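Spelled out, the chains give:
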Amino acid sequence: MTKRAYQYRFYPTPEQAELLARTFGCVRSVYNRILRWRTDAFFKEQRKVGYTQASARLTAIKKLPELAFLNEVSSVPLQQCLRHQQAAFRNFFEGRAKYPAFKKKRHRQSAEFTRSAFRYRDGRLFLAKCDEPLAIRWSRPLPGEPSTVTISRDSAGRYFVSCLCEFAPETLPVTPKMIGIDMGIKELFVTSEGERFGNPRHSAKYASRLARAQRRLSKKQPGSKNRTRARRKVARIHAKISDCRADGLHKLSRRLINENQVVCAETLAVKNMIRNPKLSKAIADAGWGEFVRQLEYKAGWAGRQIVQIDRWYPSSKRCSCCGHTLERLLLDVRRWSCPECATEHDRDVNTAINIKAAGLAVLALGENVSGMGQVSVTCSR
């Protein structure tokens, strides 16, 4: 058994929307106040504050007259936000993330409820201090009763509920098919079998609409209702782009996992590549990192394997037929001929074939292969 989050959209009543707005505000206020207190304690007093002290601080500030509104909402989301803050500090000190940032009012808002703060009965979900169930659009049934429920509202004003449940992943039957993929910008990725999957370029598709909405937003008076409506329209366009990209990546990653026992890919330093001012927007729009992440966890559920080779492996400059490696190959050269065996290569297909060969070699030998450079393997089973 493993845990999986199931996300659904729901439409709150005016009373529920008001309660959730107060809850989001209280969670944001507690998170920011405790973060400021912990930061000041470290820099001014050289004193480290843990979760226990932060929880005691929350109990104290809830007794202050000016913060009496914190008692109007459920105490569970307030306590959970401190646990999330503690995890953020842990990730920071272990070098996995930046210093925790303050929550902003206009960004995505969320609140987490544990079992003591919600009820799930006969397909209906009741939150604490809420008499009516949430009007959830159940796109698929839950595998069981959720252990935690996270309510969120994005910048476009849409409400979502994420239910964390235990489920038994279904292992797919073993297939002899194995494949290598070469990710790019013009084509989202090219397989070792020569199949090409074009890059939809969602940002470019909605660029004109987004630019027009942003121009209108810039002309609205700050603090006015017209500016709020214009800002919401910009947020909806951004949400449309994000949803289209996520939908496409989910469909492609599911197809690769369903059809192949082993998927070989190249490790890409997306954070470093995105610093290129000419290609940063196109790289971000492609979503390479998210695509590989989806492949990894879906492979783990289905009993498949994902192999990632090192980024310095010369997959583009190496002939997939004779193994000859060119000294230099410019980026604008899309087709080239091997000087040793005179084989004509398509750059992307040749790269995907080399990635597949390197990944399968490491998977078979379980160690670095001589002449291939450092090849790392990440297997999801």
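Keep in mind it's a predicted model, so treat the numbers as computed, not measured. Think of each chain on its own: its residues are numbered from 1, step by step along the sequence as written. The predicted nature of this model means local features are confined to residues of pLDDT at least 70 and side-chain atom pairs, given and counted, to a pLDDT of 80 or more, with totals for whole chains, interfaces and linings taken over all residues. The basis for every side-chain value is the complete set of non-hydrogen atoms in the structure, without hydrogens or water.

Quick question: what am I supposed to make of helix H6 (residues 225-259) here?
Each α-helix turn comprises 3.6 residues. Residues three or four places apart therefore point the same way. Helical segments are the DSSP runs of H or I of at least four residues, strand segments are the runs of E of at least two, and each set is numbered from the N terminus. Multiplying 1.5 Å by the residue count of a helix minus one yields the expected span of that helix. With 35 residues, H6 should cover 51 Å at 1.5 Å per step; its first-to-last C-alpha distance of 51 Å lies within 8% of that length. Between buried and exposed lies partly exposed: a residue is buried under 20% and exposed over 50% of the maximum accessible area for its type, with that area taken using a 1.4 Å probe on protein chains only. Looking only at H6, the buried set comprises Ala 230, Val 234, Ala 235, Ile 237, Ala 239, Ile 241, Arg 245, Leu 249, Leu 252, Ser 253, Leu 256 and Ile 257.

I keep staring at the environment of Thr 343 and nothing clicks. Help me out?
The residue Thr 343 is located in the loop between strand E12 (335-337) and strand E13 (344-346) in this model. The exposure class of Thr 343 is partly exposed, given its relative accessible area of 22%. Residues contacting Thr 343, with those up to four places away along its chain left out, are Cys 321, Trp 336, Ser 337 and Cys 338. Whether two residues touch is decided by their heavy atoms; if any such pair falls within 4.5 Å, the residues are in contact.

I'm lost on the packing of aromatic side chains in this one. Help?
The relation between two aromatic rings is expressed through the spacing of the ring centres and the mutual angle of the planes. Only the six-membered ring of Trp is used, alongside the rings of Phe and Tyr, when aromatic pairs are assigned; centres must lie within 6.5 Å, and planes under 30 degrees apart are stacked while those over 60 apart are edge-to-face, with the rest tilted. Summed over all chains, the structure comprises twelve aromatic pairs. For the pair Phe 167 and Trp 301, a centre-to-centre distance of 5.3 Å together with 85 degrees between the ring planes defines the contact as edge-to-face. Residue Phe 167 is found in strand E6 (residues 159-167), and its partner Trp 301 is found in helix H9 (residues 288-302); the two are separated by 134 residues along the sequence. Across the pair, Trp 301 and Phe 167 agree in class, each one buried. Members of the aromatic cluster, each reached through a chain of ring pairs, are Phe 89, Phe 92, Phe 93 and Tyr 99. Against the face of Phe 93 rests Lys 48, its NZ or CZ located 5.8 Å from the ring centre. Whether a charge sits over a ring comes down to the Lys NZ or Arg CZ being within 6 Å of the ring centre and within 35 degrees of the ring normal.

I tried to follow the pattern of salt bridges on my own but got confused; where do I start?
Oppositely charged side chains are able to pair whenever their charged atoms sit close together. Whenever Lys or Arg places a side-chain nitrogen within 4 Å of a carboxyl oxygen from Asp or Glu, that contact is recorded as a salt bridge. Counted according to the given criterion, the structure contains 17 salt bridges. The residue Glu 18 makes a salt bridge to Arg 22 at a minimum N-O spacing of 3.5 Å. Here Arg 22 and Glu 18 lie together in helix H1 (residues 14-45), a separation of four residues that amounts to about one turn. The partly exposed category is assigned to Arg 22, whose relative accessible area is 32%. Ionic pairing is found between Asp 40 and Arg 36, a salt bridge with its closest N-O pair at 3.4 Å. Separated by four residues within a single helix, Asp 40 and Arg 36 lie in helix H1, roughly one turn from each other. On the accessibility criterion, Asp 40 (23% relative accessible area) is partly exposed. Using a relative accessible area of 40% as the deciding quantity, one classes Arg 36 as partly exposed.

Is there a simple way to explain the UniProt feature "domain: Probable transposase IS891/IS1136/IS1341" (unreviewed entry) in the protein in this structure?
UniProt positions are given in the numbering used here, feature names are shortened, and annotations may be inferred rather than shown by experiment. In this structure's numbering, the residues bearing the UniProt feature "domain: Probable transposase IS891/IS1136/IS1341" (unreviewed entry) are residues 171-275. Between the first and last C-alpha atoms of residues 171-275 the distance is 39 Å; the span itself is 52% helix and 18% strand.

Could you clarify how one ought to interpret empty space enclosed by the protein in this entry?
To find the voids left in a structure, one rolls a probe of water-molecule size over its atoms. Of the two site types, the cavity is a set of points on a 1 Å grid over the protein atoms alone where a 1.4 Å probe fits but cannot get out, and the pocket is an open set with protein on both sides within 12 Å along at least five of seven lines, each lined by residues with an atom within 4 Å of a point. Grid points are joined across faces, edges and corners, and a volume is the space filled by probe spheres set on the points. Inspection of the entire model under this criterion finds two cavities of 30 Å³ or more. Estimates place the volume of the largest cavity at around 50 Å³. Together, Lys 177, Ile 179, Thr 191, Glu 193, Glu 195, Phe 197, Arg 255, Leu 256, Glu 259 and Asn 260 line the largest cavity. Looking at which element gives the most residues to the lining of the largest cavity, the answer is H6, with three residues. Under the scheme applied here, ten amino acids are nonpolar (Ala, Val, Leu, Ile, Met, Phe, Trp, Tyr, Cys and Pro), four are charged (Asp, Glu, Lys and Arg), and all others, including Gly, are polar. Here the lining of the largest cavity is composed, by residue class, of three nonpolar, two polar and five charged. Its boundaries defined by the atoms lining it, the second largest cavity holds a volume of some 40 Å³. Lining the second largest cavity, in full, are Leu 19, Leu 20, Thr 23, Val 73, Ser 74, Phe 113, Leu 127, Ala 128 and Lys 129. Among the elements that line the lining of the second largest cavity, the one with the most residues is H1, at three residues. A class-by-class count of the residues in the lining of the second largest cavity yields six nonpolar, two polar and one charged.

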